[in-house]
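# Structural overview for review
The lines below spell out each chain.
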Amino acid sequence: MSIVPKENIEVISQSIGINNLSPDVALALAPDVEYRLREIMQEAIKCMRHSRRTKLTADDVDGALNLRNVEPLYGFVSGGPLRFKKAVEHRDLFYIDDKDVDFKDVIEAPLPKAPLDTGLLCHWLAIEGVQPAIPENAPVEVLTAPSDGKKYEQKNDGLPVELKLPVKHVLSIELQLYFDKITELVVGRSDDILLKKALLSLATDSGLHPLVPYFTCFIADEVSRGLSDYPLLFALMRVVHSLLQNPHIHIEPYLHQLMPSVVTCLVAKRLGNRFADNHWELRDFTANLVASICKRFGRVYNTLQSRLTKTLVNAFLDPKRTLTQHYGAIQGLAALGPSVVHLLILPNLESYLRLLEPELLLEKQKNEIKRHEAWRVYGALLRAAGQCIYDKLKIFPTLPSPVPQSLWKTNERIVLTTPNKRKRSVEPMEQQPPLKKIATDGPTGFTNSSPSPMQVDTADPAPSGDTNKGPSSSSTSLSNESISNSRGRSDGADAQSLKKSAVLNQVWKDELNSGKLLVSLFQLFGEDILPFIPAPEMSLFL
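We now turn to the structure provided with this report.

Definitions and limits used
- Residues numbered from 1 in each chain as written.
- Predicted model: local features only at pLDDT ≥ 70, side-chain atom pairs only at ≥ 80, totals over all residues.
- Heavy atoms only, no water.
- Helix = DSSP H or I, 4+ residues; strand = E, 2+ residues; numbered from the N terminus.
- Buried < 20%, exposed > 50% of the residue type's maximum accessible area, 1.4 Å probe, protein only.
- Contact = heavy atoms within 4.5 Å.
- Areas by Shrake-Rupley, 256 points an atom, 1.4 Å probe, with all protein chains shown as cover.
- Patch = residues over 30% accessible without salt bridge, like charges linked within 9 Å, V, L, I, M, F, W, Y side chains within 5 Å.
- Salt bridge = Lys/Arg side-chain N within 4 Å of Asp/Glu carboxyl O.
- Phe/Tyr/Trp six-rings, centres within 6.5 Å; stacked < 30°, edge-to-face > 60°.
- Axes fitted to C-alpha atoms, helices over the stretch in contact; angles between N-to-C directions.
- Parallel < 35°, antiparallel > 145°, perpendicular 65-115°, else oblique.
- Nonpolar A, V, L, I, M, F, W, Y, C, P; charged D, E, K, R; others polar.
- Core = buried A, V, L, I, M, F, W, Y, C linked by side-chain atoms within 4.5 Å.

### Considerations on the overall build of the protein chain
When you go through the protein chain residue by residue, the secondary structure sums to 20 helices and 8 strands. Within the protein chain, buried positions represent 30% of all 542 residues. Of the contacts made within the protein chain by residues no fewer than 6 positions apart, 57% connect residues no fewer than 24 positions apart. As displayed, the protein chain has an accessible area near 37900 Å², and 56% of this comes from carbon and sulfur atoms.

This is the structure:
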């Protein structure tokens, strides 16, 4: 039984001029018509699938007819929906509203514009993640979905233009599972071994670049609402460190999203809720992280370090900020290098220590927590100043460390004696000539101008009967050797003194200013600054 009734066959035969078609013939033709229709529709569906569409159009039917060497049907287009009208005298009868076209109007209509020649043009879709504003790229207002839901726009010439919205960023299932697992390990305070393996994977695996925008948003959101959760903040900073270590990730376009979160963990007023939370370690780790970012991307972004130092200096010099914020700012500036410390911290060091001094004393600050924070800040300042003076002193030529000597005080006179030699009595020392003072441009040192060798009586006693005999040959040779050795030591001491004098002249030059800086730091910190000075350099000033 065919789905095409015989009445349709009779109507079609009458439309082409066959009026005497018998009912039996119409009934026999119906199955064949159904078969031909199915064949055409199957070919049309193939055309639709090859066009990557899910909606069958009249163009697909025309393509199927061309494949079967059948002339296509004219007058049917797929540009828009068909308009049906309801018959006047029939309630359920509809027909397509086709307008009659006059051939005279078609002939007199102006010719359409000639199609453009085919050509190729190259342009940038995006540079460093930013779409350039050129005519070839769609403007920003076009990329947003229309508020009224329209899919077509009219150009000046009246032709409809279809707007294609940008494709959403689609992640593979594997990357989605990877991101979910990493975030779960960071937020869930899981086993530290698993977290270390996850961070190692972030620092070494390739193919993770599509996840960078998701990680940056995750870090920013968690830092903004988790300032009271110290383990979470430390884990997030470790994630940032792993992302920076990965050579397969291009993280420069996302630094503007990462830096606020990193700086927050450095100079925030409070990190963690419990007193046992070691937020000092978190601030130290973040300071080194900030320094590595500036060292790696400072040349690409010229204003990165200047903006960062401005933020840290404002936090350091603001008296309304807490001591923990001052500590973070000092650690951040110290991590950027001795030059930053010399330019930004040392000029304000004396006034800041004057304000910090009352917080260090037990008599004036009874709160133990505040006093502990003040000593932390003092230690950070001492370490920053010590690294700065060490960096300035290490450029001088290396000098041998001073030989340890014993001090003898006799009648308000200082005598230097070298160890591993036999001690002499006080009386012979008092008979020696006075010590000679070596004048230098810097601190002065005292040494003996004519060091006398240890006197050894080696002359044999003269036998009886030969009292006029002079000293023996062995006594003469030993005396000459002692004199030559003493002259050699004297020449070496003079050369070393000249070398020290030249170094001191260089230290106290105005352009280096190392000597004045050391004196000022010694006045501020006292003997606490001395461990940061290498032994040879310290001997010059002492």
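### Focus on a nonpolar patch on the surface
Taken together, Leu 82, Phe 84, Phe 94 and Ile 96 make up a surface patch of nonpolar side chains, about 410 Å² in accessible area. Its relative accessible area of 53% is what places Phe 84 among the exposed residues.

### Some words on the packing of aromatic side chains
Taken as a whole and assessed by the stated rule, the structure comprises 9 aromatic pairs. Between Phe 179 and Phe 218, the ring centres sit 6.4 Å apart and the planes meet at 80°, which makes this aromatic pair edge-to-face. With a gap of 39 residues between them, Phe 179 in helix α6 (residues 173–187) and Phe 218 in helix α8 (residues 212–225) connect regions that are remote in the sequence. Like Phe 179, the residue Phe 218 is buried in the burial classification. Here Tyr 230 and Phe 234 contribute two aromatic rings whose centre-to-centre distance is 6.0 Å and whose plane-to-plane angle is 75°, an arrangement assigned as edge-to-face. Taken together, the positions of Tyr 230 and Phe 234, both in helix α9 (residues 230–245) and 4 residues apart, correspond to about one turn of that helix. Exposure remark for Tyr 230: the relative accessible area of 13% places this residue in the buried category. A relative accessible area of 13% means that Phe 234 is categorised as buried. What links up through ring pairs into an aromatic cluster is the set Phe 179, Tyr 214, Phe 215 and Phe 218.

### Describing the packing of helix α13 (residues 323–335) against helix α14 (residues 338–345)
Following both chains from N to C, one finds α13 and α14 inclined at 130°, their axes separated by 6 Å at the closest point. Between α13 and α14, the angle is such that the two are oblique. Of the residues in α14, those in contact with Ile 330, Leu 333 and Ala 334 of α13 are Val 340, Val 341, Leu 344 and Ile 345. Of the residues that constitute the contact of α13 with α14, the class distribution is 7 nonpolar, no polar and no charged.

### Considerations on the nonpolar core
In this structure, Leu 356, Leu 381 and Phe 525 are the most contacted members of the largest nonpolar core, which totals 90 residues. With residues up to four places along the chain from it excluded, the contact list for Leu 356 reads Leu 323, Ala 374, Val 377, Tyr 378 and Leu 381.

Honestly, it's all geometry; don't read function into it.
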